[in-house]
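So the chains spell out like this:
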Amino acid sequence: MSKKLWALLAVLIAFMLVLGACNNDDKEETTGTEVKEPEKEKEEEKEEEVAEPAEPADSSAFPLSVNNEGDAITGGTLKVALGTDTPFQGIFSLVLYEDGFDADIMEYASNVIFADDGDLLITDKGIASLEADPKTNKAIIKIREGVKWSDGEPLKIEDLIYPYLIIGHPDYQGIRYDGDFQNIIGAVEYHDGKADTISGLKKVDESTLEISFNKLSPAIFSGGDGLWSSAEPSHILKDIPVGELLESDAVRKNPVTLGAFKYDKIVPGESVQFVRNENYWKGAPKLDGVLLKAVPSTSISKAIQTGEYHMTAGTLPATKYPEIKDFDNITILAQPELSYSYLGFKLGKYDTATGLSTMDPAAKMSDVKLRQAMGYALDVEQVNEVYYDNLRSRATSLIPPAFSTFFDDSLKGYTYNKDQAIALLDEAGYKDTDGDGFRENPKGEKLEIKFAGMAGDAIAEEMAAFWIQNWADVGLKVVLSTGRLIEFNSFYDKVEADDPEIDIYMAAWGTGTNPSPAGLYGKEAAFNFSRFTTPELDELLKAIDSPEAFDSTYRANAFREWQLYMEENAPVIPTQFRTAIYSINKGVKNYDVDRANEDFDLSQVELLAEEPVKSTK
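If you're wondering where the values come from, they're calculated on a predicted model, not measured in any experiment.

(A) Seen up close, the overall build of the chain. Within the chain, the secondary structure is distributed over 18 helices and 19 strands. A compact globule built from 617 residues should have a C-alpha radius of gyration of about 25 Å, and the chain, at 25 Å, falls within 12% of that. A burial count over the chain gives 56% of its 617 residues as buried. Counted over contacts in the chain with a minimum sequence separation of 6, partners at least 24 positions apart contribute 72%. With the model as given, the accessible surface of the chain reaches about 25600 Å², and the carbon-plus-sulfur share is 49%.

What follows is the structure, encoded as structure tokens:
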């Protein structure tokens, strides 16, 4: 076992024993002192404390597709495992859903109208094509002839308009009415109840929609600038009040779809049975259907090994790779994820009345040097090596490397540097004035930082303990919000509501195909969970999505300036870039995850046998 692994395990074992002995808040002072017991083993690693950023995991070592030999059976049901420790929410609408679990489920019954290429730019190979004119700030969307919903109703231009009317409606219950959406002419007036519709949406004819924007940028070709990339069945939803859509049967029980498969039976939070969509615009799928079931993270590797499932929904957690890598009944596919993990700091509040974030100068985490120190204190490199087989790497930016044109590879990020963290805290006036081993704030007051993390498997507990120990090593007392890790759905509810029990939190973003950060960090963005907003940030975000940004050099530089600004101010600190891994059973004839392959489609998937293959190992 490596020296690093022994050091990490020593820290975790000591810390978890202390946590197990603590049953109330009165023990926290003792806990904090005892946490420091493994200091000797950490000191032995001192020459490694200033860590260089690791190279991103080499996803090229894995294939992007699989094509197993043998004759495919006729039909068959693809069995899919959704790895989750909580019931999925079951919000099957792209305008209303909130988490990645529902998104993974909807992949099999997608209402997305645009296709994109290897550079994640919209092409004309989807249900709809896009033309944009920056001189007039207008976009033209045309739909193919003959496309039908799964219930046989023809796709209409009204179905492309309806998502905008839902998102912009005053009674909308989702989180996608943001600064980007307000870029559509008339969206604000409609949202404020001053207009009955969005004036910037114009039905030209039965196959053409014209959208007028306040401004256009290259982001529109990635689904940005307020462009919406999916349709909603207006023939069904128009009779349901927008404020009642979230709990409606049309969203929860029997949604219709444009995708390869259609919903047949939904057991809330547990499973979804799909059947072939005979009206699918690319032709009826070769499979009879898909059966997707929620599987606890502790059981998913065993379920893969014993051949209970053909594949997993979405990606498999990298922590499972050591458990499955030797199974002989699967092929592991991999590619860089369009996502990153991050440490967030609560710096203000979101005003639901105005739809704007506001900074709080008195926020506990308002000192930028405190935030920077907490970033430098995290030994992310060691966690990536021990838990993820380096399938994750230290993130150095809030732009994933997959966006190669915009990712600034010169940024160092907050690589592990304990001495730098200590120096920053000393400089900012955070000092241990009472000798208890933890620093007080510059006013000499007790400092306790409340940390929210998501519950998961045992590794989630161990990593949370390790992060808390990292901060203790530089003299910061960090405790878990609510005293424990928080269930997935409750976690995001609390973070979104700016719960006062949360000072810092660890989370992750999937960026989708649009690298523009406005929807995550703009002052109008509900997703701007840190609530960090400044005039300088406003200008930097505007530059990225400005008309001038049609010049690729200008836009790349605008992205660089924004990345530098966010690194310096540290309202959120990126921690990990991820490699997406997929487990495909050898009973699957063909599957492909390559973003550059524009021809692969779920309708083409076939099976070699009705039941998945079992591993002999």
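(B) Representation of the environment of V147. Assignment of secondary structure puts V147 in the loop between strand 4 (138-143) and helix 5 (157-167). Note on V147: relative accessible area 4%, which makes it buried. Ignoring sequence-local partners within four residues, the contact set of V147 consists of I127, P154, L155, L258 and W281.

(C) The nonpolar core, seen in detail. By size, the foremost hydrophobic cluster in this structure holds 181 residues, and its most contacted members are M374, W471 and Y591. Contacts of Y591, omitting those with residues within four sequence positions, involve S65, V66, M311, L333, I584, F600, L602 and V605.

(D) Broad picture of the side chain of E232. Tracing the sequence through the fold places E232 in the loop between strand 6 (208-212) and helix 7 (234-237). R176 provides the closest opposite charge to the buried, unpaired E232, separated from it by 9.3 Å. Engagement of the side chain of E232 in a polar contact is seen with the side chain of S93, the distance being 3.3 Å. Apart from residues no more than four positions distant in its own chain, E232 is found in contact with S93, L94, V95, W149, D159, Y162, P163, I166 and L237.

(E) A look at the packing of aromatic side chains. What the rule picks out here adds up to 26 aromatic pairs. With a centroid separation of 5.8 Å and 40° between ring planes, the pair formed by Y108 and F274 is classed as tilted. In this pair, Y108 is assigned in the loop between helix 4 (100-106) and strand 3 (128-133) and F274 in strand 8 (residues 271-276), connecting sequence segments 166 residues apart. Note on F274: relative accessible area 0%, which makes it buried. Judged by centre distance (5.7 Å) and plane angle (85°), the ring pair of Y342 and Y505 falls under edge-to-face. Highlighted residues: Y342 in strand 11 (residues 330-345) and Y505 in strand 17 (residues 504-510), separated in sequence by 163 residues. Linked through ring pairs, F101, Y340, Y342, F488, F491, Y492, Y505, W509, F527 and F529 together constitute an aromatic cluster. When the ring centre of F406 is taken as reference, the NZ or CZ atom of R555 above it lies at 5.2 Å.

(F) Structural detail: unusual backbone geometry. Within the chain, D225 stands out as a residue other than glycine whose phi angle is a positive 70°. Looking at where D225 falls in the secondary structure, it is placed in the loop between strand 6 and helix 7. The phi dihedral of D389 is positive, around 50°, even though this residue is not glycine. Position of D389 relative to the elements: it lies in the loop between helix 12 (380-388) and strand 14 (392-394).

(G) Up close: the sheet that holds strand 4. Taken in spatial order, the 4 strands of this open sheet run 3-4-6-5, and their pairing is antiparallel. Among the strands making up the open sheet, the edge pair consists of strand 3 and strand 5 (201-205). Taken over all neighbouring pairs, the strand axes of this sheet differ in orientation by 20° on average, direction set aside. Taken together, the 4 bridges between strand 5 and strand 6 define a ladder with antiparallel strand orientation. In the sheet register, L201 faces strand 6, and the bridge partner there is I211. Sheet strands touched by helix 5: strand 4, strand 5 and strand 6. Its angle to strand 5, the strand with the most contacts, is close to 175°.

(H) Inspection of the pairing of strand 2 (residues 77-83) at higher detail. When you tally the buried positions in strand 2, you get 6 out of 7 residues, the bulk of the element. The sheet contact formed by strand 2 and strand 9 (residues 289-295) spans 7 bridges and is parallel. In the strand pairing of strand 9, T77 is matched with G289. Judged from the 2 bridges that link them, strand 2 and strand 10 (residues 311-312) form a sheet pairing that is parallel.

(I) Quick peek at the packing of helix 11 (residues 368-376) against helix 13 (residues 418-428). As a packed pair, helix 11 and helix 13 sit with axes 8 Å apart at the nearest point and diverge in direction by 165°. If you check the angle between helix 11 and helix 13, you find them roughly antiparallel. Of the two elements, helix 11 crosses helix 13, and the hand of that crossing is left-handed. Counted together, K369, L370, Q372, A373 and Y376 of helix 11 and K418, Q420, A421, L424, L425, E427 and A428 of helix 13 form the full contact between these two elements. Per-class residue counts for the contact of helix 11 with helix 13 are 7 nonpolar, 2 polar and 3 charged.

(J) Structural view of helix 15 (residues 488-496). Those residues of helix 15 not exposed but buried are F488, N489, F491, Y492 and V495. Projection of helix 15 onto a plane perpendicular to its axis shows the buried side chains occupying an angular sector of 160°, all on one side. Buried residues along helix 15 sit against helix 4, strand 15 (448-452) and strand 17. Capping of helix 15 at its N-terminal end is provided by E487; its side-chain oxygen lies 3.1 Å from the backbone amide nitrogen of N489. Of the residues flanking the end of helix 15, it is D498, one or two places downstream, whose phi is positive at about 55°.

(K) Representation of helix 5. Within helix 5, 10 of the 11 residues are buried, which leaves it mostly tucked inside the rest of the structure. All of the buried residues along helix 5 are I157, D159, L160, I161, Y162, P163, Y164, L165, I166 and I167. Its buried side turned inward, helix 5 meets strand 4, helix 6 (187-191), strand 5, strand 6 and helix 7.

Parameters and conventions
Residues numbered from 1 in each chain as written. Predicted model: local features only at pLDDT ≥ 70, side-chain atom pairs only at ≥ 80, totals over all residues. Heavy atoms only, no water. Helix = DSSP H or I, 4+ residues; strand = E, 2+ residues; numbered from the N terminus. Rg over C-alpha atoms; globule rule 2.2 N^0.38 Å. Buried < 20%, exposed > 50% of the residue type's maximum accessible area, 1.4 Å probe, protein only. Contact = heavy atoms within 4.5 Å. Areas by Shrake-Rupley, 256 points an atom, 1.4 Å probe, with all protein chains shown as cover. Core = buried A, V, L, I, M, F, W, Y, C linked by side-chain atoms within 4.5 Å. Lys, Arg positive; Asp, Glu negative; His and termini not counted. Salt bridge = Lys/Arg side-chain N within 4 Å of Asp/Glu carboxyl O. Polar contact = N/O pair within 3.5 Å; in protein donor to acceptor, adjacent residues only side chain to side chain. Phe/Tyr/Trp six-rings, centres within 6.5 Å; stacked < 30°, edge-to-face > 60°. Lys NZ or Arg CZ within 6 Å of the ring centre and 35° of its normal. Pairing = 2+ DSSP bridges. Axes fitted to C-alpha atoms, helices over the stretch in contact; angles between N-to-C directions. Parallel < 35°, antiparallel > 145°, perpendicular 65-115°, else oblique. Left-handed = near helix turned anticlockwise from the far one by under 90°. Nonpolar A, V, L, I, M, F, W, Y, C, P; charged D, E, K, R; others polar. Arc of directions from axis to C-beta.

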